[in-house]
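Now for the letters of each chain:
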Amino acid sequence: MFPHLKADCFFKNYFLHINTMNYEIFIDLINEKTGLTFAESRVRILRDGIDSRRKTLGMTSVEDYFVLLNDSTNEMEELTTLLTINETYFFREPKHLQVFTETIIPILLRVKPTDEPINILSVGCATGEEPFSIAIKLHKKYGGAVMDRFRITAVDIDAKAIERAEKGVFRKNSFRSSHEESTDDFIWTYFKEFEPGKYKLDDFILKQIRFKQYNVLDNEGINRLFEADVIFFRNVSIYFDKETRKKALTALKKILKPWGFLILGASETNSNDIGLFELTEIDGVFVFKNSGSLEEYNGVSSVFQGLTGKVLEQVELISDSTDHDLPEEKIVDKALQREASLFFEAPLYTGTNKDSPDEEEISETELYEKAHFFFSVKRYNKALEAVDILIKKESDSIRGYILKAAILINTGKLDSAKEACERALEIDMWNFNATLYLGIAARHKDDETEALRHFKRAIYIDPSSWIAHYYMAESYMSTGELNKALREYTLVKRLIQRRESVASKEALFLFSFSNEQIIEMCKAKINQLSNAAQAVNA
């Protein structure tokens, strides 16, 4: 609108009346350059920002400052820093982050090849609280050594905010969320107080984020960003008018993959539902989905295995965190703190230290409980250490081999898990868990034929096991045997409704969903398969 505006007599006269004109000429210029808009209630923020910059620069003339602002990209950035309120803190709108880690990421982990990173973009990242919250949630859920599966990029128009974010230093105000993760225990886990009231983020989390200065309305710059699987665009569009929101969403659509997800702030969802994306509800949270579908990516043309029910990552392939692992004493869950301290203070003695109790003094039950506990809080190295001592003391401990197999599956050591299961079957050839785990290990090695063989045998051992039926349904889905998959999902629903099967009795920590959630997922799969069958018959 003002490509080469200079301070001529006309504009000098114009600025004599600028107070009565409500700074429209500044509003137009800033909107053109940055996309920011100023409702009447925010004009005072604009006026105060302009006055502050003029005083800093030693300029008395408003019109001279306007000319500088029009001609200088650096000055526009300085003013933008004052005008955009970096109102951000850790774990803001936690339901979004929960849906992201518990539902969206498992879907993407399931369908994307392991050699392709999951690309996550935080737009309007301010001083970094949002992208760091994302990285921390992923680290807590999936472990340190698999963080390379995720590529997180954070962008903001404010260069100074980016500089602050890259330092990873925060004050207590950044932890003001009422969410449980914004507690002293959380801060102590991921931060170090290096000065009174100042907290430095753990370097491992800090290095997970690539920060860039970027204007979402920069059509040329958009092409320099990678294609994203998930875009967080929360609490940014509040600064935009309707037309600017459309421009921003159109720009983001260019870099969001066809099956990708766009997450906006709860208060912004309705105003951004303009037909560019599909509005989808996941566990009570509304997110936008791009126009494509995951089956296009995954090569599954028959049915969509995604959003209407959570894709079950029944066995979380959480590594043993050899690349980076927070110390055992840094467990966030308050409910486990007291119990954990008892275990962490008592090493697992092996009899090699003359000052330590002989391992014979430790009962098999105590060893199993320790291993069981460490497994429940995802301390897999400690759990494996305890269970190996247990097996050494009691070579025919079926529960020891079963627990060891569960640990090894969760750390991705599938061949070793298979060996543990086979040893358990040597002791008891009809052991349900050992048979089930062999099938799970085979599935994770993409050997569906072998997996089905074990699941069928597990069902022969216990026909009422909904877990075995569910895994078999999933395998049938993968092999394209949709009628058989439909039959198995139907059986799962009926078995749970009749309460003939209890998950915790059959498998160790493999499911994080309630029976009601499993039923809803099965209903969704049944509907999808039934609709697909009707479409074929039609």
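Before any of the text, the structure's been laid out above.
*Asks:* Looking at this structure, I do not really get the sheet that holds strand E3 (residues 169-171). What am I missing?
*Replies:* Two pairing modes exist for strands in a sheet, parallel and antiparallel, and in both the strands are linked by backbone hydrogen bonds. Taken in spatial order, the 3 strands line up as E3-E5-E4 in an open sheet, and their pairing is antiparallel. The two strands at the open ends of the sheet, each matched to only one other strand, are E3 and strand E4 (191-195). For this sheet, the mean inter-axis angle between neighbouring strands, taken without regard to orientation, is 40°. Across 3 bridges, the pairing between E3 and strand E5 (residues 198-201) is antiparallel. Looking at the pairing, Val-169 lines up with Lys-200 of E5.

*Asks:* What is the right way to read the environment of Arg-171 from this model?
*Replies:* As for its position among the elements, Arg-171 is in strand E3. Arg-171 sits 25 residues away from Pro-196 along the chain, and the two C-alpha atoms are 9.2 Å apart. Filtering out sequence-adjacent residues up to four positions away, Arg-171 remains in contact with Gly-197, Lys-198 and Tyr-199.

*Asks:* When you look at the sheet that holds strand E10 (residues 285-289) in this model, what are you seeing that I'm missing?
*Replies:* A sheet is described by the order of its strands in space; here 7 strands give the open sequence E6-E2-E1-E7-E8-E10-E9, paired in mixed fashion. Among the strands making up the open sheet, the edge pair consists of strand E6 (209-213) and strand E9 (278-282). Between one strand axis and the next, the sheet turns by 25° as a mean value, whatever way the strands run. Bridging between E9 and E10 involves 5 bridges; their strand directions are antiparallel. Across the sheet, residue Thr-280 finds its bridge partner in E10, namely Val-287. Along the sheet, helix H12 (residues 242-255) makes contact with strand E1 (118-123), strand E7 (228-232) and strand E8 (256-263), crossing E8 at roughly 135°.

*Asks:* Can you help me understand a nonpolar patch on the surface in this one?
*Replies:* A cluster of nonpolar side chains, Met-429, Trp-430 and Tyr-460, forms an exposed patch at the surface whose accessible area comes to about 400 Å². In this structure, Met-429 sits in the loop between helix H18 (414-427) and helix H19 (432-444). For Met-429, a relative accessible area of 47% translates into the label partly exposed.

*Asks:* Can you help me understand the nonpolar core in this one?
*Replies:* Nonpolar side chains tend to gather and get buried jointly when the protein is soluble and globular. Core analysis: the biggest nonpolar cluster contains 60 residues, and Ile-407, Leu-436, Tyr-437, Trp-466 and Tyr-489 have the highest contact counts within it. Top element by residues in this core is helix H21 (residues 466-479). It accounts for 9 residues. Judged by nonpolar contacts, the second largest core, of 45 residues, contains Val-146, Tyr-190, Phe-204 and Phe-232.

*Asks:* Honestly, the pattern of salt bridges in this entry has me stumped. Any pointers?
*Replies:* Opposite charge on two side chains permits pairing when their charged atoms draw close. Applying the stated criterion to the full structure yields 17 salt bridges. Close ionic contact of Glu-102 with Lys-141 constitutes a salt bridge, the shortest N to O distance being 3.0 Å. Residue Glu-102 is located in helix H7 (residues 94-111), and its partner Lys-141 is located in helix H8 (residues 129-142); the two are separated by 39 residues in the primary sequence. Classification of Glu-102 by relative accessible area gives partly exposed; the value is 25%. A residue is classified by how much of its surface remains accessible, and Lys-141, at 12% relative accessible area, is buried. Here Arg-423 ties to Glu-426 by a salt bridge, and the two come within 3.4 Å at their closest N and O atoms. With a gap of 3 residues between them, Arg-423 and Glu-426 both fall in helix H18, about one helical turn apart. The exposure class assigned to Glu-426 is exposed, which follows from its relative accessible area of 62%. In this structure, a network of salt bridges that share partners links the residues Arg-110, Glu-474 and Lys-525.

Cut-off values and rules
Residues numbered from 1 in each chain as written. Predicted model: local features only at pLDDT ≥ 70, side-chain atom pairs only at ≥ 80, totals over all residues. Heavy atoms only, no water. Pairing = 2+ DSSP bridges. Helix = DSSP H or I, 4+ residues; strand = E, 2+ residues; numbered from the N terminus. Axes fitted to C-alpha atoms, helices over the stretch in contact; angles between N-to-C directions. Contact = heavy atoms within 4.5 Å. Patch = residues over 30% accessible without salt bridge, like charges linked within 9 Å, V, L, I, M, F, W, Y side chains within 5 Å. Areas by Shrake-Rupley, 256 points an atom, 1.4 Å probe, with all protein chains shown as cover. Salt bridge = Lys/Arg side-chain N within 4 Å of Asp/Glu carboxyl O. Buried < 20%, exposed > 50% of the residue type's maximum accessible area, 1.4 Å probe, protein only. Core = buried A, V, L, I, M, F, W, Y, C linked by side-chain atoms within 4.5 Å.

Keep in mind these numbers describe shape, not what the thing actually does.
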